[in-house]
Amino acid sequence: MADSLSSKRPLSPHLQIWRFTVTMAASITHRGTGVVLYGGVFLIVLWLIGAAFYPPLFETASGIVRSPVGFILIAGFVWSLLFHLMNGLRHLYWDTGRGLAPKTATMTAWLVYSAATILAALILWAGYGGGA
Amino acid sequence: MSTKGTSTFIIQRFTAVLLAPIAIWFLFGIVSALTSDYATARAWIANPWNGALLGAFLIIGAWHMRIGMMEIILDYIHSWLKDVLFLINWLVALGIIVASAWAIFHISFAG
Ligand code: HEM
């Protein structure tokens, strides 16, 4: 058995050689934010239908959005859209065959996480009338 | 990647390119619009620029997210459930397109 071919075959990515990389995290986050945005767009359309046809639906949606829970939902949506937008541009850049070197990809992944966080804070601050 | 391969891949990139600039506009206005009262929200949507851009974002977005979700379903679901989820995913996208066009049109023109 020891010298059979099958015992010498390498294992697929293994717990012992696994390590965290920010590029991997960004890839998972892109998918996660895509799902968050899917839900967010759905809820925004309900809000829009309420505004157009059913004031009670609007009031329900608006009540949730203006509650503390609503703040968390909006913050999550805004951060997700910023991340997905900028990481999406990173994807499109890769599609042209550039920016794929590990060093570059690591740098741009950190950049996308930081920029999404800073811009989300600014947008929420301005959107909640912080500037006025 | 997907069953239809290259055509969905290309449409996914195409909708992403279209969405990118509209998403920037959207991020500027959406927080205050969502947190405003009924009359203010309707006035914001009735503005022709806002109505057109919001409609474009939601309609192109619906197409983009349908393809994206289809990829995700293909990656994780391998049973008969896959086809059910595909159908629901289709209906959600179609619903978003029809509902947002209809709602924005109504607010803009039917008062
Ligand atoms: C309406 C808002 C949006 C929604 C609901 C959405 C949703 C999604 C979903 C569900 C996926 C699939 C993720 C995966 O397969 O892991 C995806 C992929 C993608 N999105 Fe979006 N997205 C939105 C906006 C944008 C914007 C503004 C861009 C701008 C660049 C973008 C660029 C991309 C790209 C390039 C991919 C493909 C990534 C890959 O091949 O792994 N998306 N999106």
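Residues numbered from 1 in each chain as written. Chains lettered and ligands numbered in written order. Predicted model: local features only at pLDDT ≥ 70, side-chain atom pairs only at ≥ 80, totals over all residues. Heavy atoms only, no water.

Novice: Explanation requested: helix α4 (residues 81–109) of chain B in the structure shown.
Specialist: Given 3.6 residues to a turn, an α-helix orients residues that are three or four positions apart in the same direction. Counted at 1.5 Å a residue, the expected span for α4(B) with its 29 residues is 42 Å, and the 42 Å between its end C-alpha atoms agrees. Taken as a whole, α4(B) has its buried residues at B:Phe86, B:Asn89, B:Val92, B:Ala93, B:Ile96, B:Ala99, B:Ser100, B:Ala103, B:Ile104 and B:Ile107. (Helix = DSSP H or I, 4+ residues; strand = E, 2+ residues; numbered from the N terminus. Expected span 1.5 Å × (residues − 1). Buried < 20%, exposed > 50% of the residue type's maximum accessible area, 1.4 Å probe, protein only.)

Novice: Would you take a moment to explain the nonpolar core for this structure?
Specialist: The tendency in soluble globular proteins is for nonpolar side chains to be buried as a group. One finds A:Trp47, A:Leu48, A:Val78, B:Ile45 and B:Leu58 to be the most contacted residues of the largest nonpolar core, which totals 64 residues. The set of elements that each furnish at least two residues to this core consists of α2 (22–52), α3 (55–65), α4 (68–95) and α5 (102–127) of chain A together with α1 (6–34), α2 (38–46), α3 (48–76) and α4 of chain B. Contacts of A:Val78, omitting those with residues within four sequence positions, involve A:Ala120, A:Ile123, A:Leu124, B:Leu27 and B:Val31. (Core = buried A, V, L, I, M, F, W, Y, C linked by side-chain atoms within 4.5 Å. Contact = heavy atoms within 4.5 Å.)

Novice: Any chance you could explain the interface of chain B and chain A here in plain terms?
Specialist: Chain B puts 41 residues into the contact, and the matching count from chain A is 33 residues. Of the roughly 3300 Å² buried at the junction of chain B and chain A (both faces included), carbon and sulfur atoms supply 81%. Area buried by chain B at its contact with chain A is led by B:Leu27, B:Leu34 and B:Tyr38, which between them contribute 22% of it. The tally of links from chain B across to chain A stands at 2 salt bridges. Where chain B packs against chain A, one counts 5 residue pairs in polar contact (both at pLDDT 80 or more). (Buried area = accessible area lost by both parts, 1.4 Å probe. Salt bridge = Lys/Arg side-chain N within 4 Å of Asp/Glu carboxyl O. Polar contact = N/O pair within 3.5 Å; in protein donor to acceptor, adjacent residues only side chain to side chain.)

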